[in-house]
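# Structural features, examined
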Amino acid sequence: MAASVDAPTDVDAAVANRSAPANVTRSNGTTMYVTPQSDGDAHWNVSTRFALDGANETAAFERLGKEFERGQNDVGYSVELFRKVARLAADETGRTMRIRQVDRSYHVGNGTGRLSLTFTWTNFSRTPGDRIVVRDAFLLDGGNSTWLWELRDDQRLVIQKPEGYHVKSSPNKGHENGTLRYEGPTSFFPGEIAVTYEKNSGQGPSQESFDWRGILGIVLLLFVVSTGGAGLYVLAQRRDGESSDDAPPAEEQTFDRAGSLAPEPDESDGDTDPELLSDEERVEHMLRRNGGRMKQADIVTETNWSNAKVSQLLSSMADEGQVDKLRIGRENLITLPDEEVGDFDEE
(Lines give C-alpha, C1' and ligand atoms only; values in the text may rest on other atoms or scores of the structure.)
Protein backbone atom coordinates (compact mmCIF):
# COMPACT_ATOMS: atom_id res chain seq x y z
CA MET A 1 0.00 0.00 0.00
CA ALA A 2 1.39 3.41 -0.91
CA ALA A 3 2.24 5.76 1.94
CA SER A 4 -0.22 8.61 2.15
CA VAL A 5 2.61 11.14 2.14
CA ASP A 6 3.26 10.17 -1.50
CA ALA A 7 -0.32 10.90 -2.49
CA PRO A 8 -1.33 14.18 -4.12
CA THR A 9 -2.59 16.52 -1.40
CA ASP A 10 -5.44 17.93 -3.47
CA VAL A 11 -6.96 17.97 -6.89
CA ASP A 12 -4.36 20.41 -8.21
CA ALA A 13 -1.70 17.70 -8.03
CA ALA A 14 -3.64 15.52 -10.44
CA VAL A 15 -5.61 18.04 -12.50
CA ALA A 16 -3.68 21.20 -11.81
CA ASN A 17 -4.92 24.73 -12.35
CA ARG A 18 -2.23 25.90 -14.74
CA SER A 19 -1.55 29.53 -15.48
CA ALA A 20 -2.89 30.90 -18.73
CA PRO A 21 -0.36 32.20 -21.26
CA ALA A 22 0.18 35.91 -21.53
CA ASN A 23 -2.81 37.80 -22.98
CA VAL A 24 -5.02 34.71 -22.87
CA THR A 25 -7.96 34.38 -20.48
CA ARG A 26 -9.27 30.94 -19.61
CA SER A 27 -12.85 30.13 -20.63
CA ASN A 28 -15.02 27.18 -19.55
CA GLY A 29 -12.28 25.62 -17.40
CA THR A 30 -11.28 21.97 -17.59
CA THR A 31 -13.24 18.81 -18.29
CA MET A 32 -11.97 15.27 -17.66
CA TYR A 33 -13.70 12.65 -19.82
CA VAL A 34 -13.29 9.02 -18.72
CA THR A 35 -14.60 6.17 -20.88
CA PRO A 36 -14.19 2.70 -19.32
CA GLN A 37 -13.56 -0.24 -21.65
CA SER A 38 -14.66 -3.88 -21.43
CA ASP A 39 -11.05 -5.04 -20.87
CA GLY A 40 -10.64 -2.84 -17.78
CA ASP A 41 -8.72 -0.04 -19.50
CA ALA A 42 -10.12 3.50 -19.61
CA HIS A 43 -9.69 6.18 -22.25
CA TRP A 44 -9.07 9.65 -20.77
CA ASN A 45 -9.37 13.06 -22.36
CA VAL A 46 -8.42 16.11 -20.27
CA SER A 47 -9.46 19.25 -22.12
CA THR A 48 -8.79 22.86 -21.08
CA ARG A 49 -10.37 25.80 -22.91
CA PHE A 50 -9.18 29.39 -23.21
CA ALA A 51 -11.00 32.47 -24.46
CA LEU A 52 -9.13 34.21 -27.30
CA ASP A 53 -9.85 37.89 -27.89
CA GLY A 54 -8.45 39.03 -31.19
CA ALA A 55 -5.62 38.11 -33.51
CA ASN A 56 -2.81 38.70 -30.99
CA GLU A 57 -4.24 36.27 -28.43
CA THR A 58 -4.99 33.74 -31.14
CA ALA A 59 -1.42 33.89 -32.46
CA ALA A 60 -0.02 33.61 -28.92
CA PHE A 61 -2.19 30.57 -28.23
CA GLU A 62 -1.14 28.87 -31.47
CA ARG A 63 2.51 29.21 -30.43
CA LEU A 64 1.59 27.83 -27.02
CA GLY A 65 -0.35 24.94 -28.58
CA LYS A 66 2.64 23.86 -30.67
CA GLU A 67 4.84 23.87 -27.57
CA PHE A 68 2.17 21.89 -25.68
CA GLU A 69 2.09 19.24 -28.42
CA ARG A 70 5.84 18.82 -28.03
CA GLY A 71 5.62 18.76 -24.23
CA GLN A 72 7.73 21.90 -23.96
CA ASN A 73 5.61 23.96 -21.52
CA ASP A 74 3.74 23.47 -18.26
CA VAL A 75 0.44 25.00 -19.39
CA GLY A 76 -2.38 22.49 -19.45
CA TYR A 77 -1.91 19.08 -17.83
CA SER A 78 1.23 17.00 -17.53
CA VAL A 79 1.03 13.29 -18.22
CA GLU A 80 3.58 12.80 -15.42
CA LEU A 81 0.93 13.80 -12.88
CA PHE A 82 -1.36 11.03 -14.07
CA ARG A 83 1.51 8.54 -14.17
CA LYS A 84 2.17 9.32 -10.52
CA VAL A 85 -1.49 8.83 -9.63
CA ALA A 86 -1.60 5.57 -11.63
CA ARG A 87 1.39 4.24 -9.67
CA LEU A 88 -0.37 5.05 -6.39
CA ALA A 89 -3.58 3.40 -7.61
CA ALA A 90 -1.66 0.31 -8.76
CA ASP A 91 -0.13 -0.06 -5.28
CA GLU A 92 -3.58 0.35 -3.76
CA THR A 93 -5.47 -2.11 -5.98
CA GLY A 94 -2.75 -4.66 -6.68
CA ARG A 95 -3.34 -4.32 -10.43
CA THR A 96 -0.58 -3.35 -12.84
CA MET A 97 -1.42 0.06 -14.29
CA ARG A 98 0.22 2.08 -17.04
CA ILE A 99 -0.46 5.37 -18.83
CA ARG A 100 -0.12 4.61 -22.53
CA GLN A 101 -1.02 5.96 -25.97
CA VAL A 102 -0.40 9.53 -24.83
CA ASP A 103 -1.34 12.29 -27.26
CA ARG A 104 -1.26 16.09 -26.88
CA SER A 105 -3.13 18.34 -29.27
CA TYR A 106 -4.55 21.85 -29.58
CA HIS A 107 -7.39 23.41 -31.51
CA VAL A 108 -8.30 27.01 -32.32
CA GLY A 109 -11.69 28.17 -33.56
CA ASN A 110 -14.60 30.52 -32.88
CA GLY A 111 -12.63 32.63 -30.45
CA THR A 112 -11.63 29.65 -28.29
CA GLY A 113 -8.43 27.69 -27.87
CA ARG A 114 -8.36 24.18 -26.48
CA LEU A 115 -5.52 22.04 -25.14
CA SER A 116 -6.27 18.31 -24.99
CA LEU A 117 -4.31 15.56 -23.29
CA THR A 118 -5.50 12.04 -24.15
CA PHE A 119 -4.21 8.69 -22.90
CA THR A 120 -5.21 5.15 -22.00
CA TRP A 121 -5.06 4.15 -18.33
CA THR A 122 -4.64 0.36 -18.29
CA ASN A 123 -6.46 -1.83 -15.71
CA PHE A 124 -8.35 1.21 -14.46
CA SER A 125 -11.56 -0.76 -13.73
CA ARG A 126 -12.46 -4.16 -12.34
CA THR A 127 -14.27 -6.44 -14.79
CA PRO A 128 -16.09 -9.25 -12.92
CA GLY A 129 -18.24 -11.26 -15.32
CA ASP A 130 -20.19 -9.00 -17.66
CA ARG A 131 -19.66 -5.92 -15.49
CA ILE A 132 -17.27 -2.96 -15.39
CA VAL A 133 -16.73 -1.56 -11.89
CA VAL A 134 -15.28 1.95 -11.69
CA ARG A 135 -14.31 2.81 -8.11
CA ASP A 136 -11.06 1.61 -6.55
CA ALA A 137 -8.70 3.44 -8.92
CA PHE A 138 -9.82 6.69 -7.26
CA LEU A 139 -9.03 5.44 -3.72
CA LEU A 140 -5.94 5.58 -1.52
CA ASP A 141 -4.93 4.48 1.99
CA GLY A 142 -7.06 1.36 2.10
CA GLY A 143 -10.11 3.22 0.82
CA ASN A 144 -9.89 5.91 3.51
CA SER A 145 -9.00 8.73 1.11
CA THR A 146 -9.17 9.67 -2.56
CA TRP A 147 -6.67 11.44 -4.78
CA LEU A 148 -9.53 13.36 -6.46
CA TRP A 149 -11.25 14.89 -3.45
CA GLU A 150 -12.34 18.18 -4.99
CA LEU A 151 -13.47 19.84 -8.20
CA ARG A 152 -13.25 23.61 -8.39
CA ASP A 153 -15.92 25.81 -9.92
CA ASP A 154 -14.36 25.63 -13.40
CA GLN A 155 -13.74 21.87 -13.37
CA ARG A 156 -15.90 18.88 -14.19
CA LEU A 157 -15.57 15.11 -14.39
CA VAL A 158 -17.57 13.08 -16.92
CA ILE A 159 -17.64 9.26 -16.82
CA GLN A 160 -19.07 8.09 -20.12
CA LYS A 161 -21.01 4.86 -20.60
CA PRO A 162 -19.12 2.11 -22.46
CA GLU A 163 -20.75 1.01 -25.69
CA GLY A 164 -23.04 -1.97 -25.18
CA TYR A 165 -23.41 -1.45 -21.41
CA HIS A 166 -25.92 0.16 -19.04
CA VAL A 167 -25.69 1.44 -15.46
CA LYS A 168 -26.26 -1.32 -12.93
CA SER A 169 -25.67 0.79 -9.80
CA SER A 170 -24.03 4.01 -8.67
CA PRO A 171 -24.07 6.31 -5.62
CA ASN A 172 -24.58 9.12 -8.17
CA LYS A 173 -28.31 9.12 -8.93
CA GLY A 174 -28.09 11.84 -11.56
CA HIS A 175 -26.70 9.95 -14.53
CA GLU A 176 -28.04 10.71 -17.99
CA ASN A 177 -28.33 7.78 -20.37
CA GLY A 178 -25.53 6.06 -18.46
CA THR A 179 -23.17 9.05 -18.36
CA LEU A 180 -22.24 10.47 -14.94
CA ARG A 181 -21.40 14.17 -14.62
CA TYR A 182 -19.74 15.75 -11.60
CA GLU A 183 -19.72 19.56 -11.68
CA GLY A 184 -17.50 21.79 -9.55
CA PRO A 185 -17.35 23.22 -7.05
CA THR A 186 -17.78 20.00 -5.09
CA SER A 187 -15.90 17.72 -2.72
CA PHE A 188 -15.85 13.92 -2.74
CA PHE A 189 -15.93 11.35 0.03
CA PRO A 190 -13.91 8.17 -0.58
CA GLY A 191 -16.00 5.84 -2.74
CA GLU A 192 -18.38 8.54 -3.91
CA ILE A 193 -17.00 8.42 -7.46
CA ALA A 194 -18.26 4.97 -8.42
CA VAL A 195 -20.40 3.24 -11.01
CA THR A 196 -21.02 -0.37 -12.03
CA TYR A 197 -21.87 -0.97 -15.69
CA GLU A 198 -23.48 -4.21 -16.87
CA LYS A 199 -23.33 -5.58 -20.39
CA ASN A 200 -26.59 -5.47 -22.31
CA SER A 201 -28.04 -8.92 -22.87
CA GLY A 202 -29.25 -9.95 -26.32
CA GLN A 203 -30.23 -6.85 -28.24
CA GLY A 204 -29.85 -4.85 -25.05
CA PRO A 205 -32.45 -2.67 -23.36
CA SER A 206 -31.62 0.31 -25.54
CA GLN A 207 -32.49 -1.61 -28.74
CA GLU A 208 -35.91 -2.93 -27.82
CA SER A 209 -38.56 -1.88 -30.37
CA PHE A 210 -41.46 -2.96 -28.14
CA ASP A 211 -42.07 -4.08 -24.57
CA TRP A 212 -41.94 -7.84 -25.11
CA ARG A 213 -41.58 -8.43 -21.35
CA GLY A 214 -44.96 -6.78 -20.75
CA ILE A 215 -46.60 -8.92 -23.45
CA LEU A 216 -45.02 -12.07 -22.02
CA GLY A 217 -46.30 -11.09 -18.57
CA ILE A 218 -49.88 -10.82 -19.85
CA VAL A 219 -49.62 -14.22 -21.55
CA LEU A 220 -48.27 -15.86 -18.41
CA LEU A 221 -50.92 -14.24 -16.22
CA LEU A 222 -53.69 -15.51 -18.51
CA PHE A 223 -52.12 -18.96 -18.40
CA VAL A 224 -52.05 -18.91 -14.58
CA VAL A 225 -55.71 -17.90 -14.39
CA SER A 226 -56.85 -20.48 -16.94
CA THR A 227 -54.86 -23.44 -15.57
CA GLY A 228 -54.95 -22.75 -11.85
CA GLY A 229 -51.20 -22.22 -11.81
CA ALA A 230 -48.95 -25.17 -12.62
CA GLY A 231 -45.87 -23.34 -11.39
CA LEU A 232 -44.39 -19.98 -10.58
CA TYR A 233 -44.46 -17.11 -13.05
CA VAL A 234 -42.80 -13.75 -13.10
CA LEU A 235 -44.06 -10.49 -14.50
CA ALA A 236 -41.30 -8.06 -15.37
CA GLN A 237 -42.36 -4.44 -14.96
CA ARG A 238 -40.49 -1.49 -16.31
CA ARG A 239 -40.56 1.75 -14.37
CA ASP A 240 -42.41 4.56 -16.09
CA GLY A 241 -40.41 7.59 -17.12
CA GLU A 242 -37.01 5.88 -17.24
CA SER A 243 -35.06 5.07 -20.37
CA SER A 244 -34.59 1.34 -20.86
CA ASP A 245 -30.83 1.88 -21.18
CA ASP A 246 -30.56 3.06 -17.57
CA ALA A 247 -33.40 1.01 -16.13
CA PRO A 248 -32.77 -0.77 -12.82
CA PRO A 249 -33.28 -4.54 -12.54
CA ALA A 250 -36.88 -5.46 -13.33
CA GLU A 251 -39.28 -5.70 -10.41
CA GLU A 252 -40.58 -9.24 -9.97
CA GLN A 253 -43.96 -10.55 -8.84
CA THR A 254 -44.43 -14.24 -8.07
CA PHE A 255 -47.79 -16.04 -8.17
CA ASP A 256 -48.64 -19.21 -6.27
CA ARG A 257 -50.58 -22.17 -7.67
CA ALA A 258 -53.92 -20.45 -7.09
CA GLY A 259 -52.86 -17.36 -8.99
CA SER A 260 -52.49 -15.23 -5.84
CA LEU A 261 -49.56 -12.95 -5.27
CA ALA A 262 -46.97 -14.92 -3.27
CA PRO A 263 -44.86 -13.39 -0.47
CA GLU A 264 -41.73 -11.53 -1.53
CA PRO A 265 -38.60 -13.72 -1.38
CA ASP A 266 -35.97 -13.06 1.28
CA GLU A 267 -33.22 -10.95 -0.30
CA SER A 268 -30.81 -11.38 2.61
CA ASP A 269 -29.43 -14.72 1.43
CA GLY A 270 -25.91 -13.44 0.96
CA ASP A 271 -25.83 -13.88 -2.82
CA THR A 272 -24.95 -10.24 -3.45
CA ASP A 273 -21.31 -9.67 -4.34
CA PRO A 274 -20.09 -7.15 -1.72
CA GLU A 275 -17.40 -5.88 -4.10
CA LEU A 276 -20.14 -4.47 -6.34
CA LEU A 277 -21.75 -2.46 -3.55
CA SER A 278 -20.92 0.96 -2.18
CA ASP A 279 -19.64 1.06 1.40
CA GLU A 280 -23.04 2.16 2.68
CA GLU A 281 -24.87 -0.54 0.69
CA ARG A 282 -22.46 -3.17 2.00
CA VAL A 283 -23.16 -2.19 5.63
CA GLU A 284 -26.91 -2.22 5.05
CA HIS A 285 -26.63 -5.61 3.34
CA MET A 286 -24.70 -7.05 6.31
CA LEU A 287 -27.25 -5.66 8.76
CA ARG A 288 -30.18 -7.20 6.87
CA ARG A 289 -28.33 -10.51 6.72
CA ASN A 290 -27.77 -10.40 10.50
CA GLY A 291 -31.32 -9.64 11.53
CA GLY A 292 -31.04 -5.85 11.33
CA ARG A 293 -28.32 -5.33 13.95
CA MET A 294 -24.59 -5.90 14.45
CA LYS A 295 -21.82 -4.86 16.80
CA GLN A 296 -19.53 -2.23 15.31
CA ALA A 297 -16.54 -4.48 16.04
CA ASP A 298 -18.15 -7.27 14.00
CA ILE A 299 -18.55 -4.90 11.05
CA VAL A 300 -14.82 -4.10 11.27
CA THR A 301 -13.99 -7.81 11.32
CA GLU A 302 -16.28 -8.79 8.45
CA THR A 303 -15.28 -5.94 6.11
CA ASN A 304 -11.58 -5.93 7.08
CA TRP A 305 -11.78 -2.13 7.09
CA SER A 306 -9.92 -0.01 9.62
CA ASN A 307 -11.62 1.02 12.87
CA ALA A 308 -11.32 4.66 11.80
CA LYS A 309 -13.00 4.07 8.45
CA VAL A 310 -15.89 2.09 9.96
CA SER A 311 -16.42 4.68 12.71
CA GLN A 312 -16.47 7.56 10.21
CA LEU A 313 -18.75 5.68 7.79
CA LEU A 314 -21.26 4.68 10.48
CA SER A 315 -21.35 8.21 11.91
CA SER A 316 -22.12 9.57 8.45
CA MET A 317 -24.82 6.93 7.88
CA ALA A 318 -26.33 7.70 11.28
CA ASP A 319 -26.45 11.40 10.43
CA GLU A 320 -28.30 10.52 7.21
CA GLY A 321 -30.76 8.28 9.06
CA GLN A 322 -29.55 5.12 7.32
CA VAL A 323 -28.62 3.39 10.60
CA ASP A 324 -28.98 3.91 14.35
CA LYS A 325 -26.01 3.78 16.76
CA LEU A 326 -26.48 2.80 20.40
CA ARG A 327 -23.72 2.71 23.01
CA ILE A 328 -24.14 -0.31 25.30
CA GLY A 329 -21.33 -0.85 27.79
CA ARG A 330 -18.08 -1.04 25.86
CA GLU A 331 -19.76 -1.76 22.54
CA ASN A 332 -21.53 0.20 19.81
CA LEU A 333 -24.64 -1.55 18.54
CA ILE A 334 -25.53 -0.67 14.93
CA THR A 335 -29.09 -1.28 13.76
CA LEU A 336 -31.28 -0.51 10.81
CA PRO A 337 -33.70 2.37 11.51
CA ASP A 338 -36.57 1.46 13.88
CA GLU A 339 -35.05 -1.97 14.58
CA GLU A 340 -35.88 -3.30 18.05
CA VAL A 341 -32.74 -3.56 20.19
CA GLY A 342 -33.93 -6.38 22.45
CA ASP A 343 -31.29 -8.36 24.33
CA PHE A 344 -27.69 -7.53 23.60
CA ASP A 345 -24.73 -9.73 24.40
CA GLU A 346 -21.64 -7.66 25.28
CA GLU A 347 -19.27 -10.58 25.12
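Residues numbered from 1 in each chain as written. Predicted model: local features only at pLDDT ≥ 70, side-chain atom pairs only at ≥ 80, totals over all residues. Heavy atoms only, no water.

### Considerations on the nonpolar core
In terms of nonpolar packing, the biggest core is built from 44 residues, with Trp44, Trp121, Phe124, Leu148, Leu157 and Ile159 touching the most fellow members. Here the element with the most residues in this core is helix H3 (residues 79–93); it accounts for seven residues. Setting aside residues no more than four positions away along its own chain, Trp121 makes contact with Asp41, Ala42, Trp44, Val85, Ala86, Ala89, Met97, Arg98, Ile99 and Trp147. Core analysis: the second largest hydrophobic core is formed by 14 residues, Met286, Met317, Val323 and Ile334 among them. (Core = buried A, V, L, I, M, F, W, Y, C linked by side-chain atoms within 4.5 Å. Buried < 20%, exposed > 50% of the residue type's maximum accessible area, 1.4 Å probe, protein only. Helix = DSSP H or I, 4+ residues; strand = E, 2+ residues; numbered from the N terminus. Contact = heavy atoms within 4.5 Å.)

### Quick look at the sheet that holds strand E16 (residues 331–335)
If you walk across this open sheet you meet the three strands as E14-E16-E15, and the pairing is antiparallel. Whereas interior strands pair on both sides, the edge strands pair on one side only; in this sheet they are strand E14 (293–295) and strand E15 (324–328). Strand-to-strand, the axes of this sheet are offset by a mean angle of 25 degrees, without reference to chain direction. Note: E14 against E16, three bridges, orientation antiparallel. If you follow Met294 over to E16, its bridge partner there is Ile334. (Pairing = 2+ DSSP bridges. Axes fitted to C-alpha atoms, helices over the stretch in contact; angles between N-to-C directions.)

### Points about the packing of aromatic side chains
Applying the stated criterion to the full structure yields 12 aromatic pairs. Between Trp44 and Phe124 the ring centres are 5.8 Å apart and the planes differ by 80 degrees, which places this aromatic pair in the edge-to-face class. Here Phe124 lies in the loop between strand E4 (112–121) and strand E5 (131–134) and Trp44 lies in strand E2 (residues 42–51), a separation of 80 residues in the sequence. By the burial criterion, Trp44 is buried, and Phe124 matches it. Both rings, one in Trp121 and one in Phe124, keep their centres 4.9 Å apart while their planes meet at 70 degrees; by these two values the pair is edge-to-face. Like Phe124, Trp121 is buried. (Phe/Tyr/Trp six-rings, centres within 6.5 Å; stacked < 30°, edge-to-face > 60°.)

### Comments concerning helix H6 (residues 296–303)
The set of residues buried in H6 consists of Gln296, Ile299, Val300 and Thr303. Looking straight down H6, one finds its buried side chains confined to an arc of 100 degrees; they lie on one side. Against helix H5 (279–289), E14, helix H7 (307–319), E15 and E16 lie the buried residues of H6. (Arc of directions from axis to C-beta.)

### Some details on the pattern of salt bridges
Working definition: two side chains of opposite charge can pair if their charged atoms are close together. The tally for this structure, following the rule as stated, stands at eight salt bridges. Across the pair Asp279 and Lys309 runs a salt bridge whose closest N-O atoms are separated by 3.4 Å. A residue pair is termed long-range when its members are at least 10 positions apart, and Asp279 in helix H5 and Lys309 in helix H7 qualify at 30 residues. One network of salt bridges, in which partners are shared, links Arg135, Asp279 and Lys309. (Salt bridge = Lys/Arg side-chain N within 4 Å of Asp/Glu carboxyl O.)

### What about H3?
Along its 15 residues, H3 runs 21 Å from first to last C-alpha, staying within 8% of the 21 Å computed at 1.5 Å per residue. Every buried residue of H3 is listed here: Val79, Leu81, Phe82, Val85, Ala86, Leu88, Ala89, Ala90 and Glu92. Just past H3, the residue Gly94 takes up positive phi, approximately 80 degrees. (Expected span 1.5 Å × (residues − 1).)

### A closer look at the side chain of Thr122
Structurally, Thr122 can be placed in the loop between E4 and E5. A polar contact of 2.8 Å, which involves the side chain of Thr122, links it to the backbone nitrogen of Arg98. (Polar contact = N/O pair within 3.5 Å; in protein donor to acceptor, adjacent residues only side chain to side chain.)

### Considerations on the pairing of E16
Of all the five residues making up E16, five are buried; the element is thus mostly covered by neighbouring parts of the structure. The alternating pattern of E16 places Glu331, Leu333 and Thr335 and Asn332 and Ile334 on opposite faces, both of which are buried. Hairpin remark: E15 followed by E16, antiparallel, with two residues in the connecting loop; positive phi at Gly329, about 60 degrees.

### Comments concerning the sheet that holds strand E10 (residues 165–169)
The strand order across the open sheet built from three strands is E5-E13-E10, with neighbouring strands paired in antiparallel fashion. The strands lining the two open edges of the sheet, one partner per strand, are E5 and E10. Averaged over all pairs of adjacent strands, the angle between strand axes in this sheet comes to 30 degrees, irrespective of strand direction.

### Side note on the layout of surface pockets
Taken as a whole, the second largest pocket holds about 580 Å³ of empty space. Residue lining of the second largest pocket: 23 residues in total, with Phe189, Pro190, Glu280, Leu313 and Ser316 positioned closest to the centre. Going through the elements one at a time, H5 and H7 are the ones with two or more residues in the lining of the second largest pocket. Residues belonging to the lining of the second largest pocket are distributed by class as follows: five nonpolar, nine polar and nine charged. (1 Å grid on protein atoms, 1.4 Å probe; cavity = no way out; pocket = protein on both sides within 12 Å on 5 of 7 lines; lining within 4 Å. Points joined across faces, edges and corners; volume = space filled by probe spheres on them. Nonpolar A, V, L, I, M, F, W, Y, C, P; charged D, E, K, R; others polar.)

### Some words on empty space enclosed by the protein
Summed over all chains, the structure comprises two cavities of 30 Å³ or more. Reported here for the largest cavity is a volume of approximately 100 Å³. Taken together, 14 residues make up the lining of the largest cavity; nearest its centre are Ala194, Thr196, Leu276, Leu277 and Ser278. Residue classes in the lining of the largest cavity are distributed as seven nonpolar, four polar and three charged.

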